Amino acid sequence: QEHLVESGGGLVQPGGSLSLSCISSVNISSAGSLAWYRQAPGHQREFVAAINPGQTSYARSVEGRFTISRDNAKNTVTLQMSSLMPEDTAVYYCSVLAGTQTYWGQGTQVTVSS
């Protein structure tokens with residue numbers, strides 16, 4: 001069963017913007033942590049952003065350019081990205097920590113190239 005489904009990835013030129021969405025079948029209203037990670041070919045998966053009750057956190061590489069948000073009514077986690085750079089190219093994954101279970105989506109490809 002697919003609990004999380006990401007969308008919004010694609011090809012964008014440097015300096016452009018893109019918004020990623022993650023629709024969850026898991027109730028996120030009481031989830032402990034919602035987060036985005038990314039993985040480039042040949043690289044380890046890295047943390048991008050997270051939102052916990054009342055708090056957000058970002059990797060230094062994206063701080064000031066990316067914004068994570070949540071919509072409990074729509075059970076959706078969003079990552080708004082701006083001022084994109086080639087080094088942002090990766091597969092982006094969302095995750096939801098609910099209780100003791102962590103759920104992952106299948107990922108969506110983001111390519112930044114001119």
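Everything below is about the structure printed above this text.
Residues numbered from 1 in each chain as written. Predicted model: local features only at pLDDT ≥ 70, side-chain atom pairs only at ≥ 80, totals over all residues. Heavy atoms only, no water.

Engineer: Got a sec to walk through the sheet that holds strand β1 (residues 4–7)? Specific residues and values, please.
Structural biologist: Pairing is antiparallel in the open sheet, where four strands are placed in the order β1-β3-β8-β7. Unpaired on one side and paired on the other, β1 and β7 (66–71) mark the two borders of the sheet. The sheet shows a mean angle of 15° between the axes of neighbouring strands, taken without regard to direction. Bridging between β7 and strand β8 (residues 76–81) involves six bridges; their strand directions are antiparallel. Within the sheet, the bridge partner assigned to F66 lies in β8 and is M81. (Pairing = 2+ DSSP bridges. Helix = DSSP H or I, 4+ residues; strand = E, 2+ residues; numbered from the N terminus. Axes fitted to C-alpha atoms, helices over the stretch in contact; angles between N-to-C directions.)

Engineer: Residue-level account of the pattern of salt bridges, with values.
Structural biologist: Inspection of every chain in the model, using the stated rule, returns three salt bridges. Residues D88 and R65 are paired through a salt bridge, measuring 2.8 Å at the closest nitrogen-oxygen approach. On the criterion of sequence distance, the pair formed by D88 in the loop between β8 and β9 (90–98) and R65 in the loop between β6 (55–58) and β7 is long-range, its members being 23 residues apart. Across this residue pair, the class does not change: D88 and R65 are buried. A cluster of three or more residues bridged by salt bridges with shared partners is formed by R38, E46, R65 and D88. (Salt bridge = Lys/Arg side-chain N within 4 Å of Asp/Glu carboxyl O. Buried < 20%, exposed > 50% of the residue type's maximum accessible area, 1.4 Å probe, protein only.)

Engineer: Give me the side chain of D88: which residues, what numbers.
Structural biologist: Under the relative-accessibility criterion, D88 is labelled buried at 0%. Within the structure, the side chain of D88 is placed 2.8 Å from the side chain of R65, a separation counted as a polar contact. Every residue in contact with D88, bar those within four places of it in the chain, is listed here: R38, R65, F66, S83, V110 and V112. (Polar contact = N/O pair within 3.5 Å; in protein donor to acceptor, adjacent residues only side chain to side chain. Contact = heavy atoms within 4.5 Å.)

Engineer: Any details on the state of the cysteines? Residues and values, ideally.
Structural biologist: Two cysteines joined by a covalent bond between their sulfur atoms form a disulfide. Counted under the stated rule, the structure contains one disulfide. Disulfide pairing places C22 opposite C94 at an S-S distance of 2.0 Å. On the S-S bond that ties C22 to C94, the torsion sits near 45°, and the link is right-handed. A residue pair is termed long-range when its members are at least 10 positions apart, and C22 in strand β3 (residues 18–24) and C94 in strand β9 qualify at 72 residues. In this structure, C22 and C94 share a single accessibility class: buried. (Disulfide = S-S within 2.5 Å.)

Engineer: Can you lay out the pairing of β9 for me, pointing to particular residues and giving the numbers?
Structural biologist: Buried residues dominate β9, accounting for seven of its nine residues. Pairing of β9 with strand β11 (residues 108–112) involves three bridges; the strand directions are antiparallel. Residue pairing for β11: A90 is matched across the bridge by V110. One ladder, built from four bridges, connects β9 with strand β10 (residues 101–104); its direction is antiparallel. Bridging from a neighbouring strand, L97 pairs with T102 of β10. Between the end of β9 and the start of β10, which pair antiparallel, lie two residues, with G99 showing a positive phi angle near 65°.

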